[in-house]
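Summary of structural features
Below, each chain spelled out in residue letters.
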Amino acid sequence: MSKILVILTGGTIGSCVEENVISAKAERSAEIVKRYQASYGMAEDFTVVQPLNELSENLHPSNWEAIIKEMDLALDKDYDGIIITHGSDTLAYTSAFLAMYYSWIDIPVAIVAANYPLEDERSNGMSNFAGAVGFIKEKVASGVFTVYRNHNNEVDVFLPSRMLSSDPYFDQYPSFDGEVFGKMEGGRFIWNEKCPVTIDMVKQHPKNKERRMHFHYENEVLAIQTYLGINFRNYQLTEKTKAVFISLYHSATGPITEVSGMYSFIESCEKAGVHVYGASLKSEDMCHYQTTDAMLKKGMRPMYNISGVAAYAKLVLAYNQNEVKPEEIIKHNLFFEILELFRK
């Protein structure tokens, strides 16, 4: 019998529908466990805790502390694994953060969500939860993973540090490198041979608890998405802003015209002691556009081969712990969030 801790945080997977309004109900959050036991029996020993009960669009980085508290308590016990239920809107952010924060963990953790409430026949919540249970029982590898059934009815297993936010129409999650880690089929894990990260690579990933950091959220990271017509004068720093993240265009470019206000914004940030980071850059030794060159010379710090989701989560982690200098965390590949350079 596998001993599994289930951490409930709310979201669609723990919600109900009343008069066409979906809301998180604390009394319904454990429904997923009851439904699993009704369908699959009592072969697993579940312990259920609920530190949060929110639709995930309302979550905040400070809420990660409540999840961390429950996970840290669990690590002192003999659980075979942990399942975290979560809302789908911010699933990718929490997944990426926990994967990097718990890169040293020595048991499997699976994060799951649902595209519809459980009573809706279209919901993939039960498939995701069952896939998470199977992944833990298979003992594939330790670390944090995300389990989510796609539109082809395949239960994908993601490396959370490479997971992107869901598309707004099909509710599907892509992976930054285009490949999921694997899938669950008939209760068994099947590794995706196209995935550049192998099972052995995950198993051999250092599990040194000395690398552990202690997260306490008090410093904000301002995230800015570039778009046509952006005016950086619309963005203001607060006393809590300790870093700025700019999600650049795919070619690692951004506007440097006077009307964009990019130059003056970076200058004001640096003057305030707030570092500006940019992602979409591929390599230090590759050619880049003059606009990119200008931003780098102005003081923007590059984050190479990392998704915007993971970059933001990594910066939040880096600037809300005291064990390691932020730049050391940013440069270090915590849990496969930094891809090897892909050359066409």
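Check the entry above for the structure.
Residues numbered from 1 in each chain as written. Predicted model: local features only at pLDDT ≥ 70, side-chain atom pairs only at ≥ 80, totals over all residues. Heavy atoms only, no water.

Per the secondary structure count, the protein includes nine helices and 14 strands. When its C-alpha atoms are laid out on the principal axes, the protein stretches across 65 × 50 × 40 Å. By sequence separation, contacts in the protein at least 24 residues apart represent 69% of the contacts at least 6 residues apart. For the protein, the computed accessible surface area is about 16300 Å², with 49% contributed by carbon and sulfur atoms. Between the mean site of the 33 positive side-chain charges and the mean site of the 44 negative ones, the protein shows a separation of 4 Å. (Helix = DSSP H or I, 4+ residues; strand = E, 2+ residues; numbered from the N terminus. Contact = heavy atoms within 4.5 Å. Areas by Shrake-Rupley, 256 points an atom, 1.4 Å probe, with all protein chains shown as cover. Lys, Arg positive; Asp, Glu negative; His and termini not counted. Charge placed at Lys NZ, Arg CZ, Asp CG, Glu CD.)

Bringing the sheet that holds strand 14 (residues 301-304) into the picture now. A sheet is described by the order of its strands in space; here four strands give the open sequence 11-12-13-14, paired in parallel fashion. Because the sheet does not close on itself, it has two edges, and the strands there are strand 11 (220-225) and strand 14. Neighbour-to-neighbour, the strand axes of the sheet open up by a mean angle of 25°, direction not taken into account. Bridge count for strand 12 (residues 241-247) against strand 13 (residues 275-281) is five bridges, and the pairing is parallel. Within strand 13, the position partnered with F245 by the bridge is Y277. (Pairing = 2+ DSSP bridges. Axes fitted to C-alpha atoms, helices over the stretch in contact; angles between N-to-C directions.)

Strand pairing in a sheet takes place through backbone hydrogen bonds and is either antiparallel or parallel in direction. Within the open sheet, the eight strands sit side by side as 4-1-5-6-7-8-9-10. Their pairing is mixed. Each end of this open sheet is capped by a strand with a single partner; those strands are strand 4 (45-49) and strand 10 (188-191). Each strand axis lies, on average, 25° off the axis of its neighbour in the sheet, ignoring direction. Pairing of strand 8 (residues 155-158) with strand 9 (residues 182-185) involves three bridges; the strand directions are antiparallel. What sits directly across from V157, in strand 9, is G182.

One number sums up the size of the second largest pocket: a volume of about 370 Å³. Considering the residues around the second largest pocket, the lining is formed by 18 residues, among which T12, S88, D89, N115 and D171 are closest to the centre. In the lining of the second largest pocket, the residues fall into six nonpolar, eight polar and four charged. (1 Å grid on protein atoms, 1.4 Å probe; cavity = no way out; pocket = protein on both sides within 12 Å on 5 of 7 lines; lining within 4 Å. Points joined across faces, edges and corners; volume = space filled by probe spheres on them. Nonpolar A, V, L, I, M, F, W, Y, C, P; charged D, E, K, R; others polar.)

Here we take up the environment of Y36. Within the element layout of this structure, Y36 appears in helix 1 (residues 31-40). If sequence neighbours within four positions are ignored, Y36 has contacts with G41, E44, F46, M126, F129, A130 and V133.

Along the chain, T291 turns up in helix 7 (residues 290-298). With relative accessibility at 19%, the residue T291 sits in the buried group. Each residue touching T291, except ones within four places of it in the same chain, is listed here: T253, G254 and I256. (Buried < 20%, exposed > 50% of the residue type's maximum accessible area, 1.4 Å probe, protein only.)

Under the counting rule described, the total for this entry stands at 23 aromatic pairs. Ring geometry for Y36 and F46: centres 5.7 Å apart, planes at 85°, overall edge-to-face. Linking Y36 in helix 1 with F46 in strand 4, this pair joins segments that are ten residues apart in sequence. We note that Y36, like F46, is buried. Measuring from centroid to centroid gives 5.4 Å for F181 and F189, while their planes differ by 35°, and the two rings are tilted. (Phe/Tyr/Trp six-rings, centres within 6.5 Å; stacked < 30°, edge-to-face > 60°.)

Enumeration over the complete set of coordinates arrives at 14 salt bridges. For D120, the salt bridge is made with R122, and the minimal N-O distance between the two is 2.7 Å. Residue classification places R122 among the partly exposed positions, given a relative accessible area of 45%. A salt bridge links K297 to D293; the nearest nitrogen and oxygen atoms lie 3.0 Å apart. Of this pair, K297 and D293 both sit in helix 7, four residues apart, which is roughly one turn of that helix. A relative accessible area of 26% places D293 in the partly exposed class. The structure contains a network of salt bridges with shared partners spanning E154, K183 and E185. (Salt bridge = Lys/Arg side-chain N within 4 Å of Asp/Glu carboxyl O.)

In this structure, Y102 and F129 are the most contacted members of the largest nonpolar core, which totals 92 residues. Top element by residues in this core is helix 8 (residues 308-318). It accounts for nine residues. Apart from residues lying up to four places away in sequence, Y102 is in contact with I68, M71, D72, L75 and V144. Counting residues in each nonpolar core, the second largest holds 16 residues, with I230, I266, L281 and M295 among its members. (Core = buried A, V, L, I, M, F, W, Y, C linked by side-chain atoms within 4.5 Å.)

Distances and angles like these do not, on their own, reveal function.
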